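Listed below, chain by chain, are the residues.
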Amino acid sequence: MAPASKADMKSAVDAAAWMFNVITSVGIIIVNKALMARYGFSFATTLTGMHFVATTLMTAVLRWLGYIQSSHLPWGDLLKFVIVANFSIVGMNVSLMWNTVGFYQIAKLCMVPVSCLFEIVFDKVRYSRDTKLSIAVVLTGVAVCTVTDVSVNAKGFIAAFIAVWSTSLQQYYVQSLQRKYSLSSFNLLAHTAPAQAATLLLLGPFLDYWLTNKRIDAFNYHLVSVFFILLSCTIAIGTNLSQFICIGRFTAVSFQVLGHMKTMLVLILGFIFFGKEGLNLQVVLGMIIAVLGMIWYGNASSKPGGKERRSHSLPITRQQKHGSDSSTDHDGNA
């Protein structure tokens, strides 16, 4: 296959993976919003455990069909990933409960610079000035259209702090483990989903009771609510898989920056399906700024030097340099 054809194929697969993630992420937000707001199923952590049960079943079927090959992930790395990922899930749920919507959105915006920090410290990544500025433009646009009331309390700040750092680290781990152990997205998900399903189903009901003062076994299940729960679990399979695919193909930072497109779509769909209350010039202006920033980021980060890892070449000693110069002089005199 010609180099141009390979590049075109990669671009097409990247675009398909990204659209898959956008569609499933926005879809699960809309479904969960209906499930929780309209039918009162407020057990977010337990629901996430159900999502991973569905994902585990999917990976088992794919393994049986031969689409997932045998692979190895050390127990230590698996344990670290599951702990961080579960802190991320619980932290985000608690942060949403204890903070205003405005501060919750600010916390989500902080994930981008934290993800950048992880890449700079652990992977020695260097960003160009245009890439940094484009990220700032995206964050500004999202802040303009989503951040309204901002008030901070101590326990809410702690929950947001844990959520930001654990979520950023979890997304860094997704790419790092795939690269370190040569795992595909399916392989990594097959290792992590069962462990997350077990831990979240075990701890979820107690945590949800602590947060909502409601017991999941006392919920009034009926046909429509069960249908929405099953629909949420089905969409979550695509959400979990597409997240691993996207972070593996791009980076955690790119996933965060471009991921704010989902925030824009959720706002737009919310205005379409739930009324235009809250739609004003500020929101529209923020959306325009964010989209322009995303376009700029895509262009800036793809240019040579826009985002690159520093070389790990050994420094040249004075003695080596002197020997090299002497050799050059000798060759020249010859």
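Calculation criteria
- Residues numbered from 1 in each chain as written.
- Predicted model: local features only at pLDDT ≥ 70, side-chain atom pairs only at ≥ 80, totals over all residues.
- Heavy atoms only, no water.
- Helix = DSSP H or I, 4+ residues; strand = E, 2+ residues; numbered from the N terminus.
- Contact = heavy atoms within 4.5 Å.
- Areas by Shrake-Rupley, 256 points an atom, 1.4 Å probe, with all protein chains shown as cover.
- Core = buried A, V, L, I, M, F, W, Y, C linked by side-chain atoms within 4.5 Å.
- Buried < 20%, exposed > 50% of the residue type's maximum accessible area, 1.4 Å probe, protein only.
- Phe/Tyr/Trp six-rings, centres within 6.5 Å; stacked < 30°, edge-to-face > 60°.
- Salt bridge = Lys/Arg side-chain N within 4 Å of Asp/Glu carboxyl O.

Student: Explain the overall build of the protein chain to me, please; I cannot follow it from the model alone.
Tutor: Helix and strand content of the protein chain: 12 helices and two strands. Starting at the N terminus, the α and β elements of the protein chain follow one another as α-α-α-α-α-β-α-α-α-α-α-α-β-α. Counting only contacts in the protein chain whose residues sit at least 6 apart along the sequence, the fraction spanning at least 24 positions is 87%. Counting only carbon and sulfur atoms, one obtains 68% of the accessible surface of the protein chain, whose full area is about 18,100 Å².

Student: What exactly am I supposed to notice about the nonpolar core here?
Tutor: Among soluble globular proteins, nonpolar side chains are generally buried collectively. Judged by nonpolar contacts, the single largest core of 37 residues is most densely connected at L73, F81, L169, V174, L188 and F244. Those elements that place two or more of their residues in this core are helix 1 (3-38), helix 2 (44-65), helix 3 (75-98), helix 4 (101-109), helix 5 (111-123), helix 7 (154-181), helix 8 (185-212) and helix 9 (223-249). Looking at this core, the element that brings in the most residues is helix 7, giving eight residues. Sequence-distant contacts of L169, defined by excluding residues within four places in its chain, comprise V84 and F118. Within the second largest apolar cluster, 19 residues are counted, among which are V142, V257, M264 and A290.

Student: How should the packing of aromatic side chains be read in this particular structure?
Tutor: Think of a pair of aromatic rings as described by two things: how far the centres are apart, and how the planes are tilted against each other in angle. Summed over all chains, the structure comprises 17 aromatic pairs. Judged by centre distance (5.8 Å) and plane angle (15°), the ring pair of F118 and F122 falls under stacked. Taken together, the positions of F118 and F122, both in helix 5 and four residues apart, correspond to about one turn of that helix. Note on F122: relative accessible area 47%, which makes it partly exposed. Their ring planes at 80° and their centres at 5.8 Å tell us that F118 and W165 sit as a pair that is edge-to-face. Note that F118 is positioned in helix 5 and W165 in helix 7, a separation of 47 residues in sequence.

Student: Before we go on, may I ask you to explain the pattern of salt bridges in this structure?
Tutor: Any two side chains of opposite charge can pair, on the condition that their charged atoms come close. Per the stated rule, a full pass over the model turns up five salt bridges. The shortest N-O distance in the salt bridge between D14 and R249 comes to 2.5 Å. A residue pair is termed long-range when its members are at least 10 positions apart, and D14 in helix 1 and R249 in helix 9 qualify at 235 residues. On the accessibility criterion, D14 (10% relative accessible area) is buried.

Student: When you look at unusual backbone geometry in this model, what are you seeing that I'm missing?
Tutor: Negative phi characterises most residues that are not glycine, and trans characterises most peptide bonds. With a phi angle near 55°, K124 is a residue other than glycine that sits in the positive phi range. Mapped onto the secondary structure, K124 falls in the loop between helix 5 and strand 1 (125-127). The exposure class of K124 is partly exposed, given its relative accessible area of 34%. With phi around 60°, N213 is a residue other than glycine that occupies positive phi space. Position of N213 among the secondary structure elements: in the loop between helix 8 and helix 9.

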